[in-house]
Amino acid sequence: MAALRAMVKSAVLALVFFTLASAAQSQERQTFTSEPLTVETASGKTHDFVAELALDNAQREQGLMFRKSMPPENGMLFDFGEARDVAMWMRNTLIPLDMLFIARDGRITHIHENAVPHSEAIISSRGPVKFVLELNGGAARRYGIKPGDMVRSAQIGNRK
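Residues numbered from 1 in each chain as written. Predicted model: local features only at pLDDT ≥ 70, side-chain atom pairs only at ≥ 80, totals over all residues. Heavy atoms only, no water.

Enquirer: Now, about the sheet that holds strand 9 (residues 150-153): what can you tell me, with residues and values included?
Expert: Spatially, 6-5-8-3-2-1-9 is the arrangement adopted by the seven strands of the open sheet, whose pairing is mixed. This sheet does not close on itself; its edge strands, each paired only once, are strand 6 (108-115) and strand 9. For this sheet the average axis-to-axis angle between neighbouring strands, irrespective of direction, equals 30 degrees. Sheet analysis places strand 5 (residues 97-102) next to strand 6, joined by five bridges and oriented antiparallel. Considered in strand 6, the bridge of I102 is made with I108. (Pairing = 2+ DSSP bridges. Helix = DSSP H or I, 4+ residues; strand = E, 2+ residues; numbered from the N terminus. Axes fitted to C-alpha atoms, helices over the stretch in contact; angles between N-to-C directions.)

Listed below in structure tokens is the structure:
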């Protein structure tokens, strides 16, 4: 009887794994366009990045999931189309990230530093924002980026 239970348990686990693997493969991986982006700090320093653009629901849902690394000068800019409360999480995200929540005009309203990989804890924008910029964890501290600083890009519409 114990052997039968073990066989059934193994079969069920294999079926669950197969189902999850099939579902993951059936979801088409999104591709992203990129553009230059600059963060201007209150002290007048500028930091240049190349941001992939997450512009539609499918791109925003995938985001940086399953990436094992990201070059230090790269990031991802999520455009939500209109200012609204935004909730993010780190499910299936393998690298720690800094999340910069950005108002319509490009001003950083809130920063969540070093979001924990795989965490399903909700990370709130703490008010309406139109954009979120994800950078490698520790980037905000390393570059001295703080709320009130400006993010400039063509997508935001405030590129100089």
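From this point on, the discussion continues.
Enquirer: Which residues make up the pairing of strand 8 (residues 129-136), and what values do they have?
Expert: For strand 8, the buried fraction is high: eight of the eight residues fall into the buried class. Relative to strand 8, strand 3 (residues 74-84) runs antiparallel, the two being bridged by six bridges. What sits directly across from F78, in strand 8, is V132. Where strand 5 meets strand 8, six bridges bridge the pair, whose relative direction is antiparallel. By the bridge assignment for strand 8, M99 is matched with E134. (Buried < 20%, exposed > 50% of the residue type's maximum accessible area, 1.4 Å probe, protein only.)

Enquirer: Which residues make up the packing of aromatic side chains, and what values do they have?
Expert: Counted according to the given criterion, the structure contains two aromatic pairs. Taken together, a centroid distance of 5.7 Å and an interplanar angle of 85 degrees make the contact between F49 and Y143 edge-to-face. In this pair, F49 is assigned in strand 2 (residues 46-54) and Y143 in helix 3 (residues 139-143), connecting sequence segments 94 residues apart. Among the residues examined, Y143 registers a relative accessible area of 26% and is labelled partly exposed. Ring plane angle 15 degrees and centroid distance 6.5 Å describe the contact between F78 and F80, whose orientation is recorded as stacked. (Phe/Tyr/Trp six-rings, centres within 6.5 Å; stacked < 30°, edge-to-face > 60°.)

Enquirer: Go over the side chain of N74 with me, naming the residues and quoting the values.
Expert: Within the secondary structure, N74 is located in strand 3. Those residues in contact with N74, other than ones at most four positions away along the chain, are F49, V50 and L135. (Contact = heavy atoms within 4.5 Å.)

Enquirer: Describe unusual backbone geometry, and please don't skip the residues or the numbers.
Expert: Peptide bonds are mostly trans, and most non-glycine residues show a negative phi. Positioned with a positive phi, N114 is a non-glycine residue whose angle comes to about 50 degrees. Even without a glycine there, the phi angle at H118 is positive, about 70 degrees. Tracing the chain through its elements places H118 in the loop between strand 6 and strand 7 (123-124).

Enquirer: With reference to specific residues and values, describe the environment of N74.
Expert: On the basis of relative accessibility, which here comes to 17%, the residue N74 falls in the buried class. Residues N74 and N136, 62 residues apart in the sequence, show an inter-C-alpha distance of 7.9 Å.

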